[in-house]
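# Geometric and topological summary
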Amino acid sequence: MDRIAEFMKISKNEKNASFYDDIILPKRATKGSAGYDFYIPYDLTIGPNESVKIETNVRCKMNNEYVLMIFPRSSLGFKYKLQLDNTVGVVDSDYFNALNEGHIVVAFTNWSDKTLELKKGDRFAQGVFLKFGITIDDDVDNERTGGYGSTGK
């Protein structure tokens, strides 16, 4: 297997200071797992039909020809109809250098009629690295500066 990426914490700040040392970097559960489990760094309750943003406090440095795709854990989809608000999270390799340090934030909606209780350290999402290509006539030379949604501006 090629080693193509590294997860890191974002910088310690006022917002994450109380739990910074407890942040768990994403990891695979088994050697056959494609997905890296993301762990919530604080307790969170998501009510029925409620949308939330989960700040992972994690960033990812990866080779340029890869993308990190973020998905909800299947068990949460089955039990709570938990869905990502953007259907699939796409973390580009140049996001690492964004002004927000490449902070991976995941937005979810609980479409069930049950309240979901996530405890600090629970797995809630998974990230899968995929290699991608570009077209022969691709001539993009723009560089990212902003964070979420900045490339279309």
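Refer to the structure presented above.
Notes on the structure follow.

Calculation rules
The residue numbering used here restarts from 1 in each chain and proceeds along that chain's sequence as written. For a predicted model such as this one, the threshold for reporting local features is a pLDDT of at least 70, and the threshold for listing and counting side-chain atom pairs is 80 or more; totals across whole chains, interfaces and linings nevertheless cover every residue. With hydrogens and water set aside, each side-chain value is computed from the structure's full complement of heavy atoms. Put simply, DSSP H or I for four residues or longer makes a helix, DSSP E for two residues or longer makes a strand, and each gets a number counted from the N terminus. Both definitions apply: the radius of gyration is a C-alpha atom measure, and the globule rule equals 2.2 Å times residues to the power 0.38. Burial classes: relative accessible area under 20% of the type maximum marks a residue as buried, over 50% as exposed, and values in between as partly exposed (1.4 Å probe, protein chains only). By definition, residues are in contact when any of their heavy atoms lie within 4.5 Å. In this tally, Asp and Glu contribute negative charge and Lys and Arg positive charge; neither His nor the terminal groups of the chain are included. Think of each charge as sitting on NZ of Lys, CZ of Arg, CG of Asp or CD of Glu. Buried residues of nine kinds, namely Ala, Val, Leu, Ile, Met, Phe, Trp, Tyr and Cys, make up a nonpolar core once their side-chain atoms join them within 4.5 Å.

### So, the overall build of the protein chain
- Check the secondary structure of the protein chain and you find 1 helix and 11 strands.
- Along the protein chain, helices (α) and strands (β) appear in the sequence β-β-β-β-β-β-α-β-β-β-β-β when read from the amino end.
- Relative to its length of 153 residues, the protein chain is compact, with a C-alpha radius of gyration of 16 Å against a globular reference of 15 Å.
- For the protein chain, the spread of C-alpha atoms along the three principal axes comes to 50 × 35 × 35 Å.
- Evaluated residue by residue, the protein chain yields a buried proportion of 39% over its 153 residues.
- Counted over contacts in the protein chain with a minimum sequence separation of 6, partners at least 24 positions apart contribute 76%.
- Across the protein chain, 20 positive and 22 negative side-chain charges occur, with their mean positions spaced 8 Å apart.

### Section: the nonpolar core
- Among the nonpolar cores identified, the biggest contains 32 residues, and F38, L68, F108 and F124 are the most heavily contacted of them.
- In contact with F108, not counting residues within four places along its chain, are E50, S51, V52, I54, P72, L82, Q83, L84, D85, F124 and A125.

### As for the environment of N63
- Along the chain, the position of N63 falls in the loop between β5 (58-62) and β6 (66-72).
- Of the residues examined, N63 reaches a relative accessible area of 32% and is grouped as partly exposed.
- Beyond its immediate stretch of four places on either side in the chain, N63 contacts R3, I4 and S93.

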